Amino acid sequence: MLTLCAMETAFNSIALFGKPNPQISTTLTTIYQFLIEHDFEVLVEHNIAPFLDCSKAQPLLLDDLPKHSDLAIAIGGDGTFLSAARTFSSHQIPLIGINMGRLGFLVDISPTDLPEKLEAVLNGHHIAEERHLLNVRIIRNERTIHEQNAMNEVVIHRWVTPEMIHINTHINHVFLNEQRSDGLIISTPTGSTAYALSGGGPIITPTQNVTLLVPINPHTLSHRPIIIDADSEIEVTFTQNTHINAQLSCDEIGIPDVTVHDRIVVTKARHNVRILHPSDYDFYNTLRAKLHWSS
């Protein structure tokens, strides 16, 4: 859902989150000083605090940031924003993205546009967008042994082996298919411009309430991407009799200890991530710019 906001918005405590990298130092310091000058309480994730040119900053551990802030600014590329979304969404804290990366589908304020665009967003001149995440559970012997959220995609893929993996997929406990492939991408609309796009999946406008399933190099070429309702439960199991070499990944986080008897259950996450875009945000313009359409 997209909402154009023009009323002044009150944020008191703002968290700064980024990838620990000297390249963010100038932008991080610019944002920090701007916020302090405008009487915001500013909290800095402790891993990036050394790159801030100010000794008065309040560094906090990542797990503590959502407890003490009502807005977060992610400074980096799309990977940084994905990590911020997983951290702050469960606390329903909105995010602003500052683009320090290469592609930037999610982080849409350029450092060259600071502080004007940031000030406008903070004053309520922004587009608020809700995007859903995926929740994945690995179930072994009827116990959940691992649980993780993902904003882009959940991927089951072969790992350290030349052999294909054999997987069964059920949607809401109804059998969909069995496939031999290099794996399966389960993607949100946000992730449709990421790994799923490379696998031949369609681009989906990010506010749609759907989930995309894209097979990775299926042995049977009639296995094609399929779009299902996002409120569905997806269950993936393996048909090998003895062992597999498979890995599960959630965005950029790998979970290598998947066994042949595990069940992987994917549903829509309980909380959405709320993104505050500049008021001139246009998803289709982003597609044209990032994918070099009409150039």
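Model, not experiment: these values are computed from the prediction.

Rules of the game
- Residues numbered from 1 in each chain as written.
- Predicted model: local features only at pLDDT ≥ 70, side-chain atom pairs only at ≥ 80, totals over all residues.
- Heavy atoms only, no water.
- Helix = DSSP H or I, 4+ residues; strand = E, 2+ residues; numbered from the N terminus.
- Rg over C-alpha atoms; globule rule 2.2 N^0.38 Å.
- Buried < 20%, exposed > 50% of the residue type's maximum accessible area, 1.4 Å probe, protein only.
- Contact = heavy atoms within 4.5 Å.
- Lys, Arg positive; Asp, Glu negative; His and termini not counted.
- Charge placed at Lys NZ, Arg CZ, Asp CG, Glu CD.
- Pairing = 2+ DSSP bridges.
- Salt bridge = Lys/Arg side-chain N within 4 Å of Asp/Glu carboxyl O.
- Axes fitted to C-alpha atoms, helices over the stretch in contact; angles between N-to-C directions.
- Expected span 1.5 Å × (residues − 1).

Novice: Please give an account of the overall build of the protein that cites residues and values.
Specialist: Secondary structure assignment for the protein yields 6 helices and 20 strands. Over its C-alpha atoms the protein spans a radius of gyration of 20 Å, differing by no more than 12% from the 19 Å that the globule rule assigns to 295 residues. In terms of its C-alpha atoms, the protein occupies a principal-axis envelope of roughly 65 × 40 × 30 Å. Burial statistics for the protein: of 295 residues in total, 51% are counted as buried. When contacts within the protein are restricted to residue pairs at least 6 apart in sequence, those whose partners lie at least 24 apart make up 69%. Of the charged side chains in the protein, 19 are positive and 32 negative, and the gap between their average positions amounts to 6 Å.

Novice: With reference to specific residues and values, describe the side chain of Thr 237.
Specialist: Position of Thr 237 relative to the elements: it lies in strand β16 (residues 234-238). According to the relative accessible area criterion, Thr 237 is buried, its value standing at 17%. Setting aside anything within four residues of it in sequence, one finds Thr 237 in contact with His 166, Ile 167, Asn 168, Asp 262 and Arg 263.

Novice: So what's going on with the pairing of strand β14 (residues 210-216)? Residues and values would help.
Specialist: In terms of burial, β14 is largely enclosed, as 7 of its 7 residues are buried. Side chains Val 210, Leu 212, Val 214 and Ile 216 of β14 all project onto a buried face; the interleaved residues Thr 211, Leu 213 and Pro 215 project onto the opposite face, where all are buried too. Note: strand β13 (residues 183-187) against β14, 5 bridges, orientation antiparallel. Among the inter-strand pairings, Gly 183 is bridged to a residue of β14, identified as Ile 216.

Novice: Explain the pattern of salt bridges to me, and be specific about the residues and the numbers.
Specialist: Overall, the coordinates contain 12 salt bridges when judged by the stated rule. The partner of Lys 67 in a salt bridge is Asp 64, with the nearest N and O atoms 3.5 Å apart. Of the charged contacts in the structure, one is a salt bridge between Lys 117 and Asp 280, with a shortest N-O distance of 3.2 Å. Taken together, the residues Lys 117 in helix α4 (residues 116-122) and Asp 280 in the loop between β20 (273-278) and α6 (283-290) connect sequence positions 163 residues apart.

Novice: Explain the sheet that holds strand β12 (residues 174-181) to me, using residue names and the numbers behind them.
Specialist: Hydrogen bonds between backbone atoms are what pair the strands of a sheet, whose relative direction is either parallel or antiparallel. Strands sit in the order β9-β8-β19-β16-β11-β12 across an open sheet of 6 strands; the sheet is antiparallel. Edge positions in the open sheet fall to β9 (143-150) and β12, since each of these has one partner strand only. Each strand of the sheet is rotated relative to its neighbour by a mean of 20°, with strand direction disregarded.

Novice: So what's going on with helix α1 (residues 25-37)? Which residues, and what values?
Specialist: The terminal C-alpha atoms of α1 lie 18 Å apart, and with 13 residues this matches the ideal 18 Å at 1.5 Å per residue to within 8%. Looking only at α1, the buried set comprises Thr 27, Leu 28, Thr 29, Ile 31, Tyr 32, Phe 34 and Leu 35. On its buried face, α1 is in contact with β2 (13-18), β3 (41-45), β5 (71-76), β6 (95-99) and α4. At the exit of α1 stands Asp 39, carrying a positive phi of roughly 65°.

Novice: Now, about the pairing of strand β17 (residues 246-250): what can you tell me, with residues and values included?
Specialist: Across the 5 residues of β17, 5 count as buried, placing the element largely inside the fold. Going residue by residue along β17, you find Ala 246, Leu 248 and Cys 250 tucked away on one face and Gln 247 and Ser 249 tucked away on the opposite face as well. Summarising the sheet, β17 and strand β18 (residues 253-258) pair through 4 bridges and their orientation is antiparallel. The residue bridging Ala 246 from the neighbouring strand is Val 258, located in β18. Linking two consecutive strands that pair antiparallel, namely β17 and β18, is a turn of 2 residues; a positive phi of about 55° is found at Asp 251 within it.

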